[in-house]
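Secondary and tertiary structure notes
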Amino acid sequence: MRKLKLVPDDTQIPFIGMRVIALIVSSIAVFASIAMVSVLGLNFGIDFRGGTMIEIGTEEPADIGDLRSRLGGLGLGDVQIQEFGAPTDVLIRIETQPGGEEAQRGAIETVRAELGEEVEYRRVEVVGPTVSGELIEAGVLAIILAVGMMLVYIWFRFEWQFSVGAVVALVHDVVITLGVFAILQLEFNLSIIAALLTIVGYSMNDTVVVYDRVREKLRKYKRMPLAELLDLAVNKTLSRTVMTSVTTLLALLSLYIFGGEVIRGFTFAMIWGILIGTYSSIFVAAPLLLWLGVKRDWSGAGAGEPGQAAKSAN
């Protein structure tokens, strides 16, 4: 039985030759993302803004317009109503009420009184402004610590050039992901923080695989031009990278389509993270080694001639 191969063994795509184009594209994407986050801001969910979230169910498809009209006149401030998956599922968000927890409970009772028993109350969550502020700080700290620990790990395992390249690729992925959420105004909540941390781990794992193959080739071909060596290393990991990304995306697409509204934001962030993480491992992390320079005197196997590289590389 023949093995399934999405990428042929003798692939010789000149990735490093495209480094200038990739640099321009990545730079534009990063600066645009920073601008979008600054101008549009992130659509923080109840987790970060504070307030009340009520999930209800109706027997017939919900009339969103009628619900907005009825609840908008209750004097509760900003009330957001949206379909939540099925036409009979509705999510109601109410901004934080002045007066503390007592006022928040009062807002819930006001909504209940207006809607009565004609709907099913499935979930009620209240998040205070103090708690939401602490959650924002904790989320930012978690991402910074994750990236910082990755920097230390790569530094000890490889060299500082590898460490800088990996961290730049990670920051690139996180910033562009935030930009996408700002442009699309998707809800940004605690599950998205979890997705960002998962993206950091996935992207780093992909980058480490590429870097490990680069180090292997540095030991084997000490006189091969660095650009040619990086292309060789990336092409040799391409089959593994594509297979891992495709199988992961298949699972995530199933979750995105059939998993319901509750995890849709998380799965979207993961799908985007897999795509941008794969891109950055090839077009950001690897070319940075060429610009930063790496030592060529790794201990290990003897050197090979540049002309022999394409024939004898594994």
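1. As for the overall build of the chain
On a plain count of helices and strands, the chain comes out with ten helices and six strands. Taken across its 314 residues, the chain has 41% of its residues classed as buried. Excluding contacts between residues fewer than 6 apart, the proportion of contacts in the chain whose partners are at least 24 apart in sequence is 79%. For the chain, the exposed surface amounts to about 15900 Å²; the carbon and sulfur share of it is 63%.

2. Section: the nonpolar core
One recurring pattern in soluble globular proteins is that nonpolar side chains are buried together. Ranked by internal contacts, the top residues of the largest apolar core, which has 34 residues, are Ile154, Phe162, Tyr211, Val214, Leu218 and Leu289. Counting residues per element, the ones that place at least two in this core are α6 (160-184), α7 (190-220), α8 (226-258) and α9 (264-292). Grouped together as the second largest cluster of nonpolar side chains are 18 residues, Ile192, Ile199, Leu249 and Ile274 included.

3. Examining the sheet that holds strand β2 (residues 51-57)
Taken in spatial order, the four strands line up as β3-β4-β2-β5 in an open sheet, and their pairing is antiparallel. Where the open sheet ends on each side, the last strands, each with one partner, are β3 (79-84) and β5 (120-127). For this sheet, the mean angle separating the axes of adjacent strands, direction not counted, is 15°. Across seven bridges, β2 lies against β5 in antiparallel orientation. Its bridge partner being in β5, Gly51 is matched across the sheet by Val127.

4. A short note on a nonpolar patch on the surface
Judged by side-chain polarity, Val152, Trp155, Phe156, Trp160, Val164, Val168 and Leu292 come together as a nonpolar surface patch covering roughly 670 Å² of accessible area. For Leu292, the location among the structural elements is in helix α9. Judged by relative accessible area, which is 30%, Leu292 ranks as partly exposed.

5. Quick word on the packing of aromatic side chains
In this structure the tally under the stated criterion is five aromatic pairs. Ring centres of Phe162 and Tyr211 lie 4.9 Å apart, and the angle between their planes is 85°; on these two criteria the pair is classed as edge-to-face. One end of the pair, Phe162, is in helix α6; the other, Tyr211, is in helix α7, with 49 residues separating them in the sequence. Its relative accessible area of 0% is what places Phe162 among the buried residues. Judged by relative accessible area, which is 0%, Tyr211 ranks as buried. Plain terms: the ring middles of Phe181 and Phe268 are 6.0 Å apart, the flat faces sit at 70° to each other, and that makes the pair edge-to-face. Highlighted residues: Phe181 in helix α6 and Phe268 in helix α9, separated in sequence by 87 residues. Three or more aromatic residues joined by ring pairs make a cluster, and in this case those are Phe15, Tyr279 and Phe283. Above the ring of Tyr256, the side-chain terminus of Arg264 is found at 5.4 Å from the ring centroid.

6. Description of the pairing of strand β4 (residues 86-95)
Of the pairings in the sheet, the one linking β2 to β4 comprises seven bridges and is antiparallel in character. Of the residues in β4, the one forming a bridge with Ile56 is Val90. As paired strands, β3 and β4 are joined by six bridges and run antiparallel to one another. Bridging from a neighbouring strand, Phe84 pairs with Ala86 of β4. Between the end of β3 and the start of β4, which pair antiparallel, lie one residue, with Gly85 showing a positive phi angle near 90°.

7. Remarks on the side chain of Arg93
Its location among the elements puts Arg93 in strand β4. Its relative accessible area of 6% is what places Arg93 among the buried residues. Contact partners of Arg93, with chain neighbours within four places excluded, come to Ile46, Arg49, Thr52, Met53, Asp78, Val79, Gln80, Gln82 and Glu187.

8. Brief notes about the confidence of the model for the chain
Taken residue by residue, the chain gives an average pLDDT of 79. The fraction at 70 or more is 87%. Looking at the elements of the chain, mean pLDDT is at its lowest for helix α10 (residues 309-312), recorded as 38, and at its highest for helix α1 (residues 19-39), recorded as 92.

9. A few points about the environment of Ile136
Mapped onto the elements of the fold, Ile136 is located in helix α5 (residues 129-157). The partly exposed category is assigned to Ile136, whose relative accessible area is 31%. Through-space distance from the C-alpha of Ile136 to that of Arg49 is 9.1 Å; in sequence the pair is 87 residues apart.

10. A look at α9
With 29 residues, α9 extends 39 Å between its outermost C-alpha atoms, agreeing within 8% with the 42 Å of an ideal straight helix rising 1.5 Å per residue. At Ser280, α9 shows its largest kink, close to 40°. At the exit of α9 stands Gly293, carrying a positive phi of roughly 80°.

11. Observations regarding α8
Taking 1.5 Å as the rise per residue, α8 with 33 residues should run 48 Å; its terminal C-alpha atoms sit 46 Å apart, in good agreement. Maximal helix bending in α8 amounts to about 40°, located at Leu238.

Cut-offs applied
Residues numbered from 1 in each chain as written. Predicted model: local features only at pLDDT ≥ 70, side-chain atom pairs only at ≥ 80, totals over all residues. Heavy atoms only, no water. Helix = DSSP H or I, 4+ residues; strand = E, 2+ residues; numbered from the N terminus. Buried < 20%, exposed > 50% of the residue type's maximum accessible area, 1.4 Å probe, protein only. Contact = heavy atoms within 4.5 Å. Areas by Shrake-Rupley, 256 points an atom, 1.4 Å probe, with all protein chains shown as cover. Core = buried A, V, L, I, M, F, W, Y, C linked by side-chain atoms within 4.5 Å. Pairing = 2+ DSSP bridges. Axes fitted to C-alpha atoms, helices over the stretch in contact; angles between N-to-C directions. Patch = residues over 30% accessible without salt bridge, like charges linked within 9 Å, V, L, I, M, F, W, Y side chains within 5 Å. Salt bridge = Lys/Arg side-chain N within 4 Å of Asp/Glu carboxyl O. Phe/Tyr/Trp six-rings, centres within 6.5 Å; stacked < 30°, edge-to-face > 60°. Lys NZ or Arg CZ within 6 Å of the ring centre and 35° of its normal. pLDDT = per-residue confidence, 0-100. Expected span 1.5 Å × (residues − 1). Bend = angle between axes of the 7 residues up to and from the residue.

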